[in-house]
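Spelled out, the chains give:
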Amino acid sequence: MVDATTETPMPAEPIDPDAETGSAPDAGAAAEVAVAAPRESDGPAPAVAIRHGGDLVAEVLQRHGVRSLFTLCGGHISPILTAAEERGIRILDVRDEASAAFAADATSRLTGTPGVAAVTAGPGLTNTITAVKNAQLAQSPLVVLGGATGTFLKGRGSLQDIDQQALMAPHVKWQTTCSRVRELPAAIDEAMHQAADGVPGPVFVECPVDLLYAEELVAEQYGVGPSSKRSKSLVALGVQLVLKRHVTKLFAGWRDASIPELRAVEPAAAGPREVAKLAKALRKARRPVLLVGSQATLDAGRIERVAAAVERLGLPTYLSGMARGLLGAEPAIQLRHKRRDALRDADLVLLAGVPADFRLDYGRHVPRSAQLVSINRSAVDLTKNRKPDLGILADPGATLVALAERFRTAGRRARSRARWVETLRARDAAREADIARRAEVRGEHVNPLHLCREIDALLDDDSVLVADGGDFVATASYTIRPRGPLRWLDPGVFGTLGVGGGFALGAKAARPTSEVWLLWGDGSAAYSLAEFDAFARHGLPVIAVIGNDAGWTQIAREQVEILGSATGTVLAHSAYFEVARGYGGEGIRVETMDAVRPALLEAKRLARSGRPVVVDVVLDSTDFRKGSISM
C-alpha cells in the first residue's frame, strides 16, 4: 500500500539534464482546447477544456467508451483521475492496487472494452504485478496507466523512482513511456488497441508526472516559472537555463495534439478451406467431444452468436473458464462431469480456445487414437505439449460461428452420435445423483455441497458469479450453474487467489443491475476482504459467500495424506462477517444447514436494498474432492 500523503507530485530539486531545445510557448498562458468526445451509447458528450496532460489521457479513454477507471490515489496520477471524473468516467478507488487491476480485468471480460487501472509510481505499480500476470496468462485485455517520477529526475533518486519499464516487460504484451505531453493521446490509443488485438493481454503506459500537470505549475516546480526567483550564481543560472529548455521540450506542440480516431478490432475467423476441413472431420466422427474455453468468449459483443453456433453444432460439449454458462443452466448438449472419461472414449476432440496444458494433463487426456483439432488465437497455445492433427490459428468463437453455418449431421452418423450422447448423459446423471446424495449428509456445521446447491437454487437469471478460492470454489464449479454467457469469472490458468474483491467490484460496475455473487474460500477472502470498504463507499451491493472451513483445504488434502503433516494449512473459523460490518457492509454468520437458505434470502434482500453483505458459512469437512489436486 502506498501512502499518498508522502508523495511529491512534482520534482523539487532539479539536476542538469540531457535535453533538446524546442519552440517556447508562452508559459503564462493557460491552454484550453475544447474537444468533443462522443460515445455512441450515450450520445454526444459535452466538450471539456484541455488544460493539461491528464485531460488528454481522459479524452482518449472517453473516446474509447471507458466508463469506469479503477485506482488507488497518488499524486503522480491525480490529474488523470480528476480529468476522467469531469468527463463522466466513474472513478472507483480501492484499498489495494492489485484490486484495481483485477477490477479492470473483470470489466474487460464482461464488456469487451479493455478495462483501465491507473496506479501511482513505484510500489503502486509493483502491487499490480500479480494481477497483470494473471491477465497475461488469462489472455484478458487490460490497460495499466502508471505514474512515474518527472522526466528530469529519472534515475536520480526521486521518490518512488524505479525502472518501471524493466519491471513490466515480462508481464505485458506491449508497453511504452511518454517523454512529451503531445505523445500521450497516441500512446493511450495504441494501448487500448494493443490490449484487445490479436491475442489479448495487459499493456502498460508510463505517464511521468510532469506530463500530466499544467505547464505553468510544471515550470514553477522546476524553478523556471514567471514567479521563480533568478539566482545570481552563474552555475545556478546555467541550471535554470537547462531546466527551462527541458520544460519547453516537454510542452512543445502539445496544444496541437490530436485525439486519434477509433480503430476496430476484428477477431480473425478461419478461412473457408480450414472450415471445410473441420466440417469434414466432424461429419466422419462418431464420438466427438467439444471443449470450449475462455478464449472463445473474448468477443463479448458477439457472445450470443457463439452460443447459438455451439447449440447448432449439437456436439457433446464441456465448458471451462469464462465459457461456463455459455449455453445457459440446462442446455441439452452440455455435459458437466466425467470429462476425462469422455475424452478417453472420443474419436475426435475439438479444442475451441483450450490449450493442452495441465488441465488436460498436458494433452494426455486425449488418446492418440482420437483426432485432435485445435482452434486458438495463439500460435504458442495451438501446439503446446501436443501438436493437433488439424490446427487452426484463428478466433475460436468466430470459427465456431462459421463452422455452424455449413456443418450438418445426418443418417447413420446421427444415430451413432445419439447413442454416444446418451452414454455421456447417463454418466452425468449418475454423478449428479451422487452429488445430491452427498449434499444431504449432515454434520456439526454445513455441508459445502448443500450450501452450493442452495446458492444455485436461489440465483437470479442475470446473476454474475465470481470465483476466488480453492476447495470450496472448486466444489461450487461442479454444482452452481451460471445462467448465461459471461456470467462466470475466475482467474484462469494462473490459479491466482485474491482476485475476488477486484473481480466483484469490476463486475458490479459493468453490470449494475445484475446480482453479483462472490464465492470466496476463507483463505482467499483475506486477500481482498478490505474491498468491502470500496463496495460500501461506492454503493456496490455485492453478495459474498465465504466457505469457512478453517484451512487451506485444497492443499491440506494432499499434504496430510502424502507428508503426514498439516503444517501451514490450518486457519481458524474467523469472524469474517464482523470484518465486513467494520468496513461498512453487512454480515451474516451461518453455522447449521437449516440456517443456510434463510441467510441467503436475507443476503439477497440486503443487496437489493443497496448494501453489500458477507454470508460467513462454517463448513464441515468432506472428501468430495479427494485426490483432485493438479499441478
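About the thresholds
Residues numbered from 1 in each chain as written. Predicted model: local features only at pLDDT ≥ 70, side-chain atom pairs only at ≥ 80, totals over all residues. Heavy atoms only, no water. Helix = DSSP H or I, 4+ residues; strand = E, 2+ residues; numbered from the N terminus. Rg over C-alpha atoms; globule rule 2.2 N^0.38 Å. Buried < 20%, exposed > 50% of the residue type's maximum accessible area, 1.4 Å probe, protein only. Contact = heavy atoms within 4.5 Å. Lys, Arg positive; Asp, Glu negative; His and termini not counted. Charge placed at Lys NZ, Arg CZ, Asp CG, Glu CD. Pairing = 2+ DSSP bridges. Axes fitted to C-alpha atoms, helices over the stretch in contact; angles between N-to-C directions. Polar contact = N/O pair within 3.5 Å; in protein donor to acceptor, adjacent residues only side chain to side chain. Right-handed = clockwise from strand over helix to strand, strands pointing away. Parallel < 35°, antiparallel > 145°, perpendicular 65-115°, else oblique. Left-handed = near helix turned anticlockwise from the far one by under 90°. Nonpolar A, V, L, I, M, F, W, Y, C, P; charged D, E, K, R; others polar. Patch = residues over 30% accessible without salt bridge, like charges linked within 9 Å, V, L, I, M, F, W, Y side chains within 5 Å. Areas by Shrake-Rupley, 256 points an atom, 1.4 Å probe, with all protein chains shown as cover. Salt bridge = Lys/Arg side-chain N within 4 Å of Asp/Glu carboxyl O.

**Some details on the overall build of the chain**
Okay, so step 1: Regarding its fold elements, the chain presents 23 helices and 19 strands.
Okay, so step 2: The C-alpha radius of gyration of the chain comes to 27 Å, within 12% of the 25 Å expected for a compact globule of 631 residues.
Okay, so step 3: Across its three principal directions, the C-alpha atoms of the chain cover 90 × 60 × 50 Å.
Okay, so step 4: When the 631 residues of the chain are sorted by exposure, 57% land in the buried category.
Okay, so step 5: Long-range contacts, defined as pairs at least 24 residues apart, comprise 75% of the intrachain contacts of the chain with a sequence gap of at least 6.
Okay, so step 6: Side chains of the chain give 75 positive and 75 negative charges; the mean places of these two sets differ by 9 Å.

**Remarks on the sheet that holds strand β12 (residues 371-376)**
Okay, so step 1: One open sheet accounts for five strands, arranged β10-β9-β11-β12-β13; its pairing is parallel. Edge positions in the sheet fall to β10 (317-319) and β13 (390-393), since each has one partner strand and no second. Across the sheet, the mean angle from the axis of one strand to that of its neighbour is 10 degrees, orientation sign disregarded.
Okay, so step 2: In the sheet, strand β11 (residues 348-352) pairs with β12 via five bridges, with the strands oriented parallel.

**Considerations on helix α18 (residues 500-510)**
Okay, so step 1: Across the 11 residues that make up α18, a large majority, 10, are buried.
Okay, so step 2: Along α18, the positions that sit buried rather than exposed are Gly-500, Gly-501, Gly-502, Phe-503, Ala-504, Leu-505, Gly-506, Ala-507, Lys-508 and Ala-509.

**Description of the sheet that holds strand β7 (residues 174-177)**
Okay, so step 1: Strand order in the open sheet made by the six strands is β4-β3-β5-β6-β8-β7, with parallel pairing throughout. Whereas interior strands pair on both sides, the edge strands pair on one side only; in this sheet they are β4 (90-93) and β7. Averaged over all neighbouring strand pairs, the angle between strand axes comes to 20 degrees, with direction disregarded.
Okay, so step 2: By the bridge criterion, seven bridges tie strand β6 (residues 142-148) to strand β8 (residues 202-208) in an arrangement that is parallel.

**Topic: the side chain of Gln-295**
Okay, so step 1: Along the polypeptide, Gln-295 turns up in the loop between β9 (288-292) and α11 (303-313).
Okay, so step 2: A distance of 2.7 Å separates the side chain of Gln-295 from the backbone nitrogen of Arg-377, its partner in a polar contact.
Okay, so step 3: The contact partners of Gln-295, leaving out residues within four places of it in the chain, are Gln-139, Gly-353, Ile-375, Asn-376, Arg-377, Ser-378, Asp-395 and Pro-396.

**So, the pairing of β4**
Okay, so step 1: Taken together, the four bridges between strand β3 (residues 68-71) and β4 define a ladder with parallel strand orientation. Each residue of the ladder has a partner; that of Ser-68, found in β4, is Arg-90.
Okay, so step 2: Between the parallel elements β3 and β4, the chain passes through helix α2 (residues 78-86) in a crossover that is right-handed.

**Comments concerning the packing of helix α1 (residues 53-63) against α2**
Okay, so step 1: Two elements in contact, α1 and α2, have axes whose closest approach is 8 Å; the angle formed by their N-to-C orientations is 50 degrees. As summarised for this structure, α1 and α2 are arranged oblique, according to the angle between their axes. α2 is crossed by α1, and the crossing has right-handed handedness. Contacts from Gly-54, Asp-55, Val-57 and Ala-58 of α1 reach α2 at Pro-79, Ile-80, Ala-83, Ala-84 and Glu-86.
Okay, so step 2: Residue composition of the contact of α1 with α2, grouped by class: six nonpolar, one polar and two charged.

**Section: a positive patch on the surface**
Okay, so step 1: On the surface, Lys-280, Arg-283, Lys-284 and Arg-406 cluster together into a positively charged patch.
Okay, so step 2: Examined against the element boundaries, Arg-283 turns out to sit in helix α10 (residues 272-284).
Okay, so step 3: For Arg-283, a relative accessible area of 35% puts it in the partly exposed group.

**Describing the environment of Arg-415**
Okay, so step 1: Relative to the elements of secondary structure, Arg-415 occurs in helix α15 (residues 411-439).
Okay, so step 2: Take Arg-415: its relative accessible area is 53%, and that puts it in the exposed class.
Okay, so step 3: When the C-alpha positions of Arg-415 and Arg-286 are compared, they lie 9.0 Å apart, and in sequence the two are 129 residues distant.

**A word on the side chain of Gln-240**
Okay, so step 1: Relative to the assigned elements, Gln-240 resides in helix α9 (residues 234-251).
Okay, so step 2: At 3.0 Å, the side chain of Gln-240 and the backbone oxygen of Lys-229 are in polar contact.
Okay, so step 3: When sequence neighbours within four positions are dropped, the list of residues in contact with Gln-240 reads Gly-223, Val-224, Lys-229, Arg-230 and Ser-231.

**Looking at unusual backbone geometry**
Okay, so step 1: Residue Asp-361 is not a glycine yet carries a positive backbone phi of 50 degrees.
Okay, so step 2: Position of Asp-361 among the secondary structure elements: in the loop between β11 and β12.
Okay, so step 3: Positive phi outside glycine occurs at Tyr-362, with the angle close to 55 degrees.
Okay, so step 4: Within the secondary structure, Tyr-362 sits in the loop between β11 and β12.
Okay, so step 5: Residue classification places Tyr-362 among the partly exposed residues on the basis of a relative accessible area of 34%.

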